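# Residue-level structure breakdown
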Amino acid sequence: MKNKTKNILSLNFDQISHWLINRGEKEFRAKQLWPWLWAKRVKDFSLMTNLSKPLRKILAQNFCIKWPEVRDIKESKDGTVKFLLALEDEKLIETVLIPEKDHYTQCLSSQVGCSLACTFCSTGQMGFKRNMYSHEIAAQILVAQDYLQKKNSPKHLTNLVFMGMGEPLLNWKEVREALQIINHPLGLNFSRRKITLSTVGIKGVLQDFGQSKLALLAVSLHAPTQELREKIMPKAARWDLNELVSVLAEYPLARRERITIEYVLLGGVNDTPEHARQLVRLLSRVKCKINLIAYNPGPDSKYRAPEKKDILKFEQILWSKGMTAILRKSKGQDISAACGQLIVMSKLNS
Ligand code: SF4
């Protein structure tokens, strides 16, 4: 039978606090309850032993604790793990655990599908279904931590990137709330320096995000001119590139912090030496480092992978002009978990 009670994870800290106070509980009860939900990942009120038995009973009568349901897990040869998760309305999303030398990074989704339809991106091809709620976004982390714990993984999840399905700044209200759960010392307790939000740049919202200081910023640029960006990512390019870069030049950064610029190299499209020189000129005023990602074509891709010699030349031009450029290896290619490959078949999500 379907559970009709409200999922307590959908209440933020203040809402839980008010709910408890309204029932005559002391103010500190929320501080006792909240860590059970997010830090200790407990799904049963009866196990919350520092709460009185009557309170545990009342909570169980009024709420359920529901995580996204794991529908499938695929593990890549290189250790990347991709989860297919069903939300409460059966909509499906994906999240990916990426192994690093001594830790994991999790790639989080923020929308079911994406409305921006960037031409190189599989998620963009499935269209937009709906925004994810804050607790759905944050609960992807619970699922991944639980998986690692059950595997007795010696490596822990320490870093988060909003680079999965969706454009996070088109769902800023819920993403902001999710970041508050993720940052909260009694919640998931990740420091902002370990969280990166990747965006194409949404006018007005990008500035709000900068003021919030909740995570580091990565910008999906992928083209050094407005004209080329309009071809590669036409909807994202509605915000003029020069205007976007002017905002990035003024973006509030802490000492030693830099903006990450993401640049997918598409063979023969944006990977020539001239493109590299244009990129250097464009970003001359921005405190940034550049992540170069070699495009990874799928069966129906309209683009091809860049050639090795062109990648190296591109990278070398950036370095020679004093820019920091890092060639990122795309992981999880054999399970379609690499950059731009997250797609849930739209027929499953209709
Ligand atoms: S690259 Fe990002 S913004 Fe563009 S379609 Fe894909 S998910 Fe959306």
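This structure is a prediction, so every number in the text was calculated from the model and none was measured. (Residues numbered from 1 in each chain as written. Predicted model: local features only at pLDDT ≥ 70, side-chain atom pairs only at ≥ 80, totals over all residues. Heavy atoms only, no water.)

### Description of the overall build of the chain
Within the chain, the regular secondary structure consists of eleven helices and 14 strands. Its C-alpha atoms give the chain a radius of gyration of 21 Å, within 12% of the compact-globule value 20 Å for 350 residues. Along the first, second and third principal axes, the C-alpha atoms of the chain reach 70 × 40 × 40 Å. Out of the 350 residues in the chain, the part that is buried amounts to 55%. Taking the contacts inside the chain whose residues are at least 6 apart along the sequence as the reference set, 64% of them involve residues at least 24 apart. Surface exposure of the chain reaches about 16,700 Å², of which carbon and sulfur atoms provide 50%. Measuring between centres, the 54 positive side-chain charges of the chain sit 4 Å from its 34 negative side-chain charges. (Helix = DSSP H or I, 4+ residues; strand = E, 2+ residues; numbered from the N terminus. Rg over C-alpha atoms; globule rule 2.2 N^0.38 Å. Buried < 20%, exposed > 50% of the residue type's maximum accessible area, 1.4 Å probe, protein only. Contact = heavy atoms within 4.5 Å. Areas by Shrake-Rupley, 256 points an atom, 1.4 Å probe, with all protein chains shown as cover. Lys, Arg positive; Asp, Glu negative; His and termini not counted. Charge placed at Lys NZ, Arg CZ, Asp CG, Glu CD.)

### Points about the packing of helix α5 (residues 134-150) against helix α6 (residues 172-183)
Axis separation between α5 and α6 bottoms out at 7 Å; the angle between their running directions is 40°. One way to sum up the angle between α5 and α6 is to call them oblique. Viewed along their axes, α5 and α6 form a crossing whose handedness is right-handed. For the pair formed by α5 and α6, the contact residues are S134, I137, A138 and I141 on the first element and E174, V175, E177, A178, I181 and I182 on the second. (Axes fitted to C-alpha atoms, helices over the stretch in contact; angles between N-to-C directions. Parallel < 35°, antiparallel > 145°, perpendicular 65-115°, else oblique. Left-handed = near helix turned anticlockwise from the far one by under 90°.)

### Some words on the packing of aromatic side chains
Taken as a whole and assessed by the stated rule, the structure comprises seven aromatic pairs. Ring geometry for W19 versus F63: centroids 4.9 Å apart, planes at 65°, classification edge-to-face. On the criterion of sequence distance, the pair formed by W19 in helix α1 (residues 13-22) and F63 in strand β2 (residues 63-64) is long-range, its members being 44 residues apart. Note on accessibility: W19 and F63 belong to one class, buried. With centroids separated by 5.2 Å and ring planes inclined at 90°, the aromatic side chains of F83 and Y147 adopt a geometry described as edge-to-face. In this pair, F83 sits in strand β4 (residues 81-86) while Y147 sits in helix α5, placing the two residues 64 residues apart along the sequence. Accessibility expressed as a relative area gives 1% for F83, which makes it buried. (Phe/Tyr/Trp six-rings, centres within 6.5 Å; stacked < 30°, edge-to-face > 60°.)

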